[in-house]
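# What the coordinates show
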There are 2 protein chains.
Amino acid sequence: MNNYPKPLAKLIAELSRLPGIGGKTAQRLAFHIISMNDEDAFSMANAITAAKKELTYCSVCGNLTDSDPCAVCSDNSRDRTVICVVETPRDVAAIERMREYRGLYHVLHGAISPMDGVGPDDINLRSLIVRLQGNDEVVEIIVATNPNIEGEATAMYAAGLIRPSGIKISRIAHGVPVGGDLDYTDDETLSRAITGRRDI
Amino acid sequence: MNNYPKPLAKLIAELSRLPGIGGKTAQRLAFHIISMNDEDAFSMANAITAAKKELTYCSVCGNLTDSDPCAVCSDNSRDRTVICVVETPRDVAAIERMREYRGLYHVLHGAISPMDGVGPDDINLRSLIVRLQGNDEVVEIIVATNPNIEGEATAMYAAGLIRPSGIKISRIAHGVPVGGDLDYTDDETLSRAITGRRDI
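Rules used throughout
Residues numbered from 1 in each chain as written. Chains lettered and ligands numbered in written order. Predicted model: local features only at pLDDT ≥ 70, side-chain atom pairs only at ≥ 80, totals over all residues. Heavy atoms only, no water. Pairing = 2+ DSSP bridges. Helix = DSSP H or I, 4+ residues; strand = E, 2+ residues; numbered from the N terminus. Axes fitted to C-alpha atoms, helices over the stretch in contact; angles between N-to-C directions. Contact = heavy atoms within 4.5 Å. Phe/Tyr/Trp six-rings, centres within 6.5 Å; stacked < 30°, edge-to-face > 60°. Lys NZ or Arg CZ within 6 Å of the ring centre and 35° of its normal. Buried < 20%, exposed > 50% of the residue type's maximum accessible area, 1.4 Å probe, protein only.

### A few points about the sheet that holds strand E3 (residues 82-86) of chain B
Residue and element names in this part refer to chain B. Spatially, E4-E3-E5-E6 is the arrangement adopted by the four strands of the open sheet, whose pairing is parallel. Either end of the sheet is taken by a strand with one partner, and the two such strands are strand E4 (104-107) and strand E6 (168-171). Strand-to-strand, the axes of this sheet are offset by a mean angle of 25 degrees, without reference to chain direction. Where E3 meets E4, four bridges bridge the pair, whose relative direction is parallel. Bridge pairing in E4 links Val85 to His106. Against the sheet, helix H4 (residues 89-98) touches E3 and E4, its axis set at about 155 degrees to E4.

### Observations regarding the packing of aromatic side chains
Centre distance and the angle of the planes are the two values used to describe a pair of aromatic rings. In this structure the tally under the stated criterion is four aromatic pairs over all chains. Directly above the aromatic system of Phe42(B) lies the positively charged group of Lys53(A), at a separation of 5.7 Å from the ring centroid.

### Observations concerning unusual backbone geometry
All names here are of chain A. Following Asp68, the chain continues into Pro69 via a peptide bond in cis, with omega recorded as 0 degrees. Phi at Arg99 is positive, roughly 55 degrees, even though this residue is not glycine. Following the sequence through the fold, Arg99 ends up in the loop between helix H4 (89-97) and strand E4 (104-107). Given a relative accessible area of 65%, Arg99 falls into the exposed group.

Here it is in C-alpha cells:
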C-alpha cells in the first residue's frame, strides 16, 4: 500500500474500514472509483455526506428518517392500534416490503445481550413504555425481534414491561420457512414449528 | 428500497454501482456508514473526492500519481536503462511491493483485445514509442502484460513496434507458480514451464 500515491492509499484505507471489505476488495473499489467520471464519483461522496447529514431517528418510533416524525408515524392512514417492535430500521424495511402490515413500529436499535454488555437501558425500550403511557389507542404490540437468544430475551423482557398496561402482546411465529425443507430444518425450529401448529 | 428515506435509498443506489457490491451488500454498507460517527463518514466522503481530484496520470509513464511526473519517474536513484511495460497501475504497485525492480515503468491502461474492440491506439502504447525516440539511455524493455490472450497479443504487438529501435525486449517468465502444485497446473502453464526450463 505504501507504493500508492497518498490520496489513493487514503481512499483504500477508508474503504477497508467498511464491514466485509478487506484490503484487496478495498483496492479494487478504490481503483474503480478513480476510474469513474468526476460526476459519478462526487455523487457517491455526496450521497455519503447527505445520508449522514439528513438522516436522523424518529423521535416517536426510533426509525431512521429524513423527517421527524417519520413517514410511518405521520401517515394518518396507518393503523394506530398496533405497534410492531423490531430490532433495526432494516427490519422495518423488510416488513414494509411485504406491503401487508399497516400498523406502526418501534425500533429498539439492538437487543438485550448480557454477553455483550447490552442491558435493557442500552436499547430504545423505555421510550416504548413512555409511548404507551396515556395512549389508549394501542390494543396490540407485536414483538418481532430476531428469533435468536438475544431477540427472545428482549421479547420476554419487553413483554414483562408491557403486561401491566393490559395491552395484548404477541410474538411473530417461528417455524419452517416457506420453501424450506423439513429435512434440513434445525431441531429447535422444527420443534417450534410443531408446537406452534395450527388447525387447517 | 422504496421504503427507505430518500438519502438512504440514494446512498444504497450509489454503493450498489460499485463492482461486486450487490443490493444486499450495499444496504449493509449504507447502514454501517450511517452508524459511523460524523467525522469518520465525512472522512470517507472526502477521501473519495480527494482521490478523484488529486490523482492524475503521469505524463511520462502513465501511472497513477498525485504529482507529475510520478514518484518513480522523478526518482533519480532509479535505473533509467530499463522500462517495465504493464497493463495497470495495480501491476506497478504489485511489482513495487517486491522492492526488487529498480527500473522505470510504462502503464498501458489495458491490453489489445479485438473482441472487446480495443485496438493498439486505444491503449497507452504509442506514447512508449515516442518516449523511446531520442532516448538513448534505455537498453531493455520488460513486457509484463498479463499472461492471457490479450496480454500476449499486446506483448507481441509492442515488441513489433519496439524492435526497429534495436532495444532489447524481454517478456516475464511464465511457469508454475512458486508454492503451486504440478498436478493442479493447467496444461498451457505446464507446457510453458517446460519450454522455459533453465539450467541449475
